[in-house]
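The chain contents come next:
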Amino acid sequence: MSTDTSPRQRSLEPWQDPRASPYVRIERVTKQFGDVYAVDDVSLDIFKGEFFSLLGSSGCGKSTLLRLLAGLERPTAGRIYIDGADVTDVPPYARPVNMMFQSYALFPHMNVEQNVGFGLKQAPFGERMPRRERAERVDEMLALLRIGELRKRRPDQLSGGQRQRAALARSLAKHPKLLLLDEPLGALDKRLRENTQFELVNLQERLGITFVTVTHDQEEAMTMSSRIAVMDAGQIMQVDTPTAIYEYPNCRLVAEFIGSVNLFEGKVVAVDGDQVLVESRLGTSMRMRSLHPFALGTPVAVAVRPEKMRLAEGGGGDGVNRLEGVVEDIAYLGDVSIYRVRVAPEQLVEMTLTNIQPRTEQALTWEQPVVMEWSPTSGVVLTE
Amino acid sequence: MTPMSASGLPRIARVRRLGRLLNIGVPYLWIGLFFLLPFVIVLRIGIAEPALAQPPYTALWQWVDSGLLEIRISLQNFSLVLEDDLYLAALLGSLQVASVCTLLCLVIGYPMAYAIATAPVRWRVPLLLLVVLPFWTSFLIRVYAWIGILKSNGLLNNFLIWLGLIDEPLQILHTQLAVYIGVVYAYLPFMILPLYANLTRLDRGLLEAAADLGCRPLRAFRKITLPLSLPGIVAGSMLVFIPVVGEFVIPDLLGGPESLMIGKVLWMEFFSNKDWPLAAALATLLLALLLVPFVLMQRLEQRLQSDDDAARP
């Protein structure tokens, strides 16, 4: 894991503490559907109170992993532990886990109140919560998600956002220790999604629940998560904090999946302490800091995020970490502008600059030759 | 601008209205021509009196010499049907057979429909084909085949004797039991098909959600699958109940003297007694009576929905 590459040194997070025991432990779990490995030998520890996101493109196995946690799928191999207990063979109805489904899966023949209260009525008679308490809990959940006035409505009488709240209220009603969210915000429009993201994080902090969520939306994952696992083809590529995933991706796939990134292919020509000198295919030299040792001649890619690029001031310098090109495209987004600069016939470089000046007074325009530069700590060196 | 026609309506709107009229008109025309019109004819015969004529009932109106129009309406048939115990008994017999058979079809058909709906996709079409396969053979022939199975030296009795379960043949044919067997056999597909259509639409995600909330499979069936398949149950039950009430062939061929059903009585009045007006009156009353469960079931369905709305959490 690359947690140790994080430059921040603050108090130990649970996943950094060797003595902390994980709340959820996924141990070498494989799930096969026919010949397809939906989840391929995945091991993962998730700690109490985390907001953990499984991120990946569709079909990467993230939803299957979530369903394995819920007990809706049985693993082909491997064990799953929740709160220290082996739950691999425990059916879904006996697990201390609740899930919010991507489709919400609200019961169409019950109103909001009955949907939310459904989970509370399922325990065997002796252990069931008394009716008064059940009603109170339902009221509490409806109030928490501000859908009290919709309590008598059926799912088909609700809007998308209201349905999502009802589904969330239902999954929270039993006060699960572990809540699984499958693309919780997928069906919402941008504005509603952003509001709900913050609400989810607030809820999580208030109720102290461990959240595991599945999403293909990297922005959603970045906003909400304590840690992110990036998955591809049934395997976990990297597990880390949003910052570390963004700043220090451990492979090209992760770098390209999260945000945009400029990749310059080349090979290592010199190593000096933690500095690596890369001769890029563009013919320029790039000096980057790297915490991984590289052998000379290793083919690598230097990854630099568009916002880490800046306009070079004056000539000067030794030409290291510098690229010359011509502005080909400008996307004005209000707060920032994205410039696409052609540095070679087959390579465009993206540079994001904050719009300090109004657009009309900006220095850069189409077809303008520019020199861009970045510092050795502004990117990472990745192997294939 | 839309070109305006002479009538002042935009042409597109007129075409649309015509299209809509055609759209609604065709089924109305169909129902009017093949359901309403025959019913009016039956009703008209029902209020006539029997006569030795061709057709064997009196005319509804006729011109009397003086240029007066004479209209004769007789309610005698209706009052006769309502007074005579025979008809009431036949009706009750029919309702009993229909109720019991509907229930049996439901109990047998539901698991079958459920099994087909939850079978792997590649199995579903073959299984459904098996359900409708008997329709390839004429209904009448299939009922006759049951005679061969149920009669004293028929397949069933011979088989039971061969097994050593019985020493001498059971009298099944020409009993009420044979009627039940025949009706359940003949009408089972009408229960299975609407149930299947309903159950395949059931979102499996709902059962997963129920399990996730701590609901065991059997309870999930009771709380989720069963209530959501109620429209299928109602549709299937009506498709069985209503035609069975008027069923004539099965009680006539398989039933005995004690299996008195209204359809059989109707047939007797019509063909044996040649009393068309009485038969027509009987048919009219039967139709009116069959509307009652139809309306009741629709009411029940509506009430179940609003009940759910008002129910406590």
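Rules and cut-offs
- Residues numbered from 1 in each chain as written.
- Chains lettered and ligands numbered in written order.
- Predicted model: local features only at pLDDT ≥ 70, side-chain atom pairs only at ≥ 80, totals over all residues.
- Helix = DSSP H or I, 4+ residues; strand = E, 2+ residues; numbered from the N terminus.
- Buried ≥ 20, exposed ≤ 12 C-beta atoms within 10 Å, placed from the backbone.
- Contact = placed C-beta atoms within 7 Å.
- Nonpolar A, V, L, I, M, F, W, Y, C, P; charged D, E, K, R; others polar.
- Pairing = 2+ DSSP bridges.
- Axes fitted to C-alpha atoms, helices over the stretch in contact; angles between N-to-C directions.
- Domains from an automatic or database assignment.
- Expected span 1.5 Å × (residues − 1).
- Arc of directions from axis to C-beta.

**Let's talk about the overall build of chain A**
Helix and strand counts for chain A come out as eight helices and 20 strands. Taken along the three principal axes of its C-alpha coordinates, chain A extends 80 × 50 × 45 Å. Expressed as a percentage of its 384 residues, the buried residues of chain A come to 40%. Partitioning the intrachain contacts of chain A with sequence separation of at least 6 by distance along the chain shows that 64% fall at a separation of at least 24.

**A word on the interface of chain A and chain B**
Counting from both sides, the interface comprises 25 residues of chain A and, opposite them, 18 residues of chain B. Elements with a contribution of two residues or more to the side of chain A that touches chain B: strand E6 (97-100), helix H2 (112-118) and helix H3 (131-144) of chain A. Per-element tally for the side of chain A that touches chain B: the top contributor is H2 of chain A, with four residues. Of the residues assigned to the side of chain A that touches chain B, the class counts are 14 nonpolar, eight polar and three charged.

**Brief notes about the sheet that holds strand E10 (residues 235-240) of chain A**
Residue and element names in this part refer to chain A. The mixed open sheet is built from six strands, whose spatial order is E6-E7-E8-E3-E9-E10. Looking at which strands have only one partner, the edges of the open sheet turn out to be E6 and E10. Within the sheet, the average angular offset between the axes of one strand and its neighbour, ignoring direction, is 20°. Two elements, strand E7 (residues 178-182) and strand E8 (residues 210-215), share five bridges in a ladder whose sense is parallel. What sits directly across from Leu-181, in E8, is Thr-213. Across the sheet, helix H4 (residues 160-172) touches E6 and E7, and the angle it forms with E6 is around 175°.

**Here we look at the pairing of strand E1 (residues 24-33) of chain A**
All names here are of chain A. As paired strands, E1 and strand E4 (residues 77-82) are joined by five bridges and run antiparallel to one another. Bridge pairing in E4 links Ile-26 to Ile-80. Where E1 and strand E2 (residues 36-46) come together, seven bridges link them in antiparallel fashion. Counterpart to Gln-32 in the pairing with E2 is Tyr-37. Taking the residues between adjacent antiparallel strands as the criterion, E1 and E2 are bridged by two residues, where Gly-34 takes a positive phi near 60°.

**Focus on the domain arrangement of chain A**
Residue and element names in this part refer to chain A. We note that the domain assignment places domain 1 (3-253) and domain 2 (260-382) within chain A. The distance between the C-alpha centroids of domain 1 and domain 2 comes to 38 Å. Grouping the constituent residues of the side of domain 1 that touches domain 2 by class yields three nonpolar, one polar and one charged.

**So, the sheet that holds E1 of chain A**
All names here are of chain A. Overall, antiparallel pairing links the four strands, which are arranged E2-E1-E4-E5 in an open sheet. The open sheet has two free edges, formed respectively by E2 and strand E5 (85-86), since each of these has just one partner strand. On top of the sheet, helix H1 (residues 62-70) reaches E1, E2 and E4; it is set at about 65° to E2, its chief contact.

**Remarks on the pairing of strand E18 (residues 347-354) of chain A**
As a general feature of sheets, a regular strand has side chains that alternate between the two faces. Residues and elements named next belong to chain A. Summarising the sheet, strand E17 (residues 336-344) and E18 pair through eight bridges and their orientation is antiparallel. The residue bridging Tyr-339 from the neighbouring strand is Met-351, located in E18. The hairpin turn running from E17 into E18, its antiparallel successor, is two residues long.

**Quick word on helix H5 (residues 190-207) of chain A**
Residue and element names in this part refer to chain A. In this model, H5 (18 residues) spans 26 Å end to end at C-alpha, consistent with the 26 Å of a helix rising 1.5 Å per residue. Taken residue by residue, H5 has Thr-196, Gln-197 and Leu-200 as its buried positions. Taken around the axis of H5, the buried residues stretch over an arc of 115°, which confines them to a single face. Along H5, exposed side chains directed more than 90 degrees from the buried face belong to Arg-191, Phe-198, Asn-202, Glu-205 and Arg-206. Buried residues in H5 make contact with helix H6 (218-224). At the exit of H5 stands Gly-208, carrying a positive phi of roughly 65°.

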